[in-house]
Amino acid sequence: MKLYFVRHGKTQWNLEGRYQGGSGNSPLLPSSYVDIQKLANYLRKNKVQFKAFYASPLQRAVTTAVMLRNDMGISVPVITDKRLKEFNLGDLEGMKFVDAEAKYPDQIKAFRYEPEFYDPSAFHGETFEHMIARGKDLIADIVKKYPNEDDNVLLVSHGAALCALTRTLEGYAIPDIRKRGGLTNTSLTVLETDDQGKSFQEKVWNETSYLNRKITSRDTI
């Protein structure tokens, strides 16, 4: 089976450079609806047939999933699951990047570049280990539910959570999961398993060609 991972569309807080974890619900930008339609056209052109959509229950993810389904003109269920939520960032929620870096320089550096050293206890956040465990628990349930070779499931989640989860599913240890950088808003990553979830192979990573615009570092924050 194949898992299609989509990062939600860009939000107002993304634009403002604010941390947006598992508690924030910043709305999508108008331009994100255009990007979602472009992704829908890409998937439709490639004739991908989906069994279900799963989404984080946060507004930006649910809206992305529902709009994507509608733009594709299909009727699969959109199932919300809290295991797809973004990292709980505790006191960082809504804080501007520059302010967070000034207050917690070591931990912000670790979160972005050196996850093995990340300790969010100072601001009551969630560890990589905890986030990865809940994500893998959901993936195990999905693989069990959709065991056929031609089953495709699409999941809409968040940048940091998806990066950690997909890289871990591929077999990478925590120190290595950020070495390829982050995932772009409305990007597509595809993993395949042919052994009931024991291992996953990367088919697509952070695909954005369908957006037809230059991607900058600001798009992956």
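Above this text sits the structure in question.
Figured I'd write up the structure that's included with this text. A quick note: this is a predicted structure, and the numbers were derived from the prediction, not measured.

With that settled, the discussion passes to helix α6 (residues 128–145). Taking 1.5 Å of rise per residue, the 18 residues of α6 would be expected to cover 26 Å, and the 26 Å separating its terminal C-alpha atoms lies within 8% of that figure. Where α6 is concerned, the buried positions are F128, M131, I132, R134, G135, L138, I139, I142 and V143.

The six strands lie next to each other as β3-β2-β4-β1-β5-β6, forming an open sheet whose pairing is mixed. The sheet terminates laterally at β3 (78–80) and β6 (201–207), the two strands that pair on one side only. If you compare each strand with its neighbour and ignore which way they point, the axes differ by 20° on average. Bridge count between strand β2 (residues 52–55) and β3: three bridges; the pairing is parallel. Within the sheet, the bridge partner assigned to F53 lies in β3 and is V78. Relative to the sheet, α6 contacts β1 (2–7), β2, β3 and β4 (152–157), its axis offset from that of β4 by approximately 160°. Sheet strands touched by helix α7 (residues 159–169): β1, β4, β5 (188–192) and β6. Its angle to β1, the strand with the most contacts, is close to 155°.

Bringing the pairing of β5 into the picture now. The element β5 is extensively covered by neighbouring structure, given that four of its five residues are classed as buried. Where β1 lies against β5, five bridges are found, and the strand directions are antiparallel. Across the sheet, the residue bridging to V6 is L188, located in β5. With four bridges joining them, β5 and β6 adopt antiparallel strand pairing. Note that in β6 the partner of E192 across the bridge is Q201.

Cut-off values and rules
Residues numbered from 1 in each chain as written. Predicted model: local features only at pLDDT ≥ 70, side-chain atom pairs only at ≥ 80, totals over all residues. Heavy atoms only, no water. Helix = DSSP H or I, 4+ residues; strand = E, 2+ residues; numbered from the N terminus. Expected span 1.5 Å × (residues − 1). Buried < 20%, exposed > 50% of the residue type's maximum accessible area, 1.4 Å probe, protein only. Pairing = 2+ DSSP bridges. Axes fitted to C-alpha atoms, helices over the stretch in contact; angles between N-to-C directions. Contact = heavy atoms within 4.5 Å.

These figures come from the coordinates and say nothing about function on their own.
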